[in-house]
Amino acid sequence: QVQLVESGGGLVQAGGSLRLSCAASGRISSYTMGWFRQAPGKERDFVAAIMWNSGRTNYADAVKGRFTISGENAKNTVYLQMNSLKPEDTAVYYCAARWQYSSGNLYRADAYDYWGQGTQVTVSS
């Protein structure tokens, strides 16, 4: 069982930066960690993922070049550095985890087994 707690959300002006953190209760080296976001009335969309066994990262096209996912094993924490924020980045951001050898498309929310409670990110124009 893995428990995830996000932090770092807030209100920022367009062009600004935020760093989200996701603290895991267990060791995350056996998991693929992902970030998703959900705007009001919309589906939960993939943002980024990191696979600890390979170090490989994946990003949604909408955030490539602006967001960076990283992790710190010693702290069991995953980060999402968000730069050049846009109003369309406004959403609740969720951290998610799945066992590294799980099947299923890692770009899909239903491929993840564990979720945090979410943190609100609001970008003003």
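Scroll up a little and you will see the structure.
These figures come from a predicted structure and were not determined experimentally.

Draft legend 1. Unusual backbone geometry, seen in detail. A positive phi is found at asparagine 76, a non-glycine position, where the angle reads about 50°. By secondary structure assignment, the location of asparagine 76 is in the loop between β7 (67-72) and β8 (77-82). Overall, the relative accessible area of 16% leaves asparagine 76 in the buried class.

Draft legend 2. Structural view of the packing of aromatic side chains. Under the defined criterion, the tally for this structure stands at eight aromatic pairs. Between the aromatic rings of tyrosine 31 and tyrosine 114, the centroid separation amounts to 6.2 Å while the plane-to-plane angle is 75°, which identifies the pairing as edge-to-face. In this pair, tyrosine 31 is assigned in strand β4 (residues 31-38) and tyrosine 114 in strand β10 (residues 114-115), connecting sequence segments 83 residues apart. Judged by relative accessible area, tyrosine 31 falls into the buried class, the value being 14%. Relative to tryptophan 115, the ring of tyrosine 94 lies with its centre 6.4 Å away and its plane at 80°, an arrangement referred to as edge-to-face. Note that tyrosine 94 is positioned in strand β9 (residues 91-99) and tryptophan 115 in strand β10, a separation of 21 residues in sequence. Among the aromatic residues, those joined into a cluster by ring pairs are Phe36, Phe46, Tyr94, Tyr107, Tyr112 and Trp115.

Draft legend 3. View of the sheet that holds strand β3 (residues 18-24). Here four strands make up an open sheet; going across it, the order is β1-β3-β8-β7 and the pairing antiparallel. Here the strands that pair on one side only, and so sit at the sheet edges, are β1 (4-7) and β7. Going from strand to strand, the sheet's axes swing by 15° on average, the running direction of each strand aside. Here β7 pairs with β8 via six bridges, running antiparallel. Residue pairing in the sheet places serine 70 in a bridge with tyrosine 79 of β8.

Draft legend 4. Looking closely at the state of the cysteines. Inspection of every chain in the model, using the stated rule, returns one disulfide. Note that cysteine 22 is cross-linked by a disulfide to cysteine 95, the S-S spacing being 2.1 Å. Because the sign of the S-S torsion sets the handedness, a value of about -80° for the bond joining cysteine 22 and cysteine 95 places this disulfide among the left-handed ones. Of this pair, cysteine 22 sits in strand β3 while cysteine 95 sits in strand β9, placing them 73 residues apart in sequence. Here the two residues cysteine 22 and cysteine 95 agree in accessibility, since each one is buried.

Draft legend 5. Region of the structure containing the pairing of strand β11 (residues 119-124). The two faces of β11 differ: Thr119, Val121 and Val123 on one face are buried, but Gln120, Thr122 and Ser124 on the other face are not. Bridge analysis of strand β2 (residues 10-13) against β11 gives four bridges, and the strand direction is parallel. Paired with valine 12 across the two strands is valine 123, which belongs to β11. In the sheet, β9 pairs with β11 via three bridges, with the strands oriented antiparallel. Its bridge partner being in β11, alanine 91 is matched across the sheet by valine 121.

The rules behind the values
- Residues numbered from 1 in each chain as written.
- Predicted model: local features only at pLDDT ≥ 70, side-chain atom pairs only at ≥ 80, totals over all residues.
- Heavy atoms only, no water.
- Helix = DSSP H or I, 4+ residues; strand = E, 2+ residues; numbered from the N terminus.
- Buried < 20%, exposed > 50% of the residue type's maximum accessible area, 1.4 Å probe, protein only.
- Phe/Tyr/Trp six-rings, centres within 6.5 Å; stacked < 30°, edge-to-face > 60°.
- Pairing = 2+ DSSP bridges.
- Axes fitted to C-alpha atoms, helices over the stretch in contact; angles between N-to-C directions.
- Disulfide = S-S within 2.5 Å.

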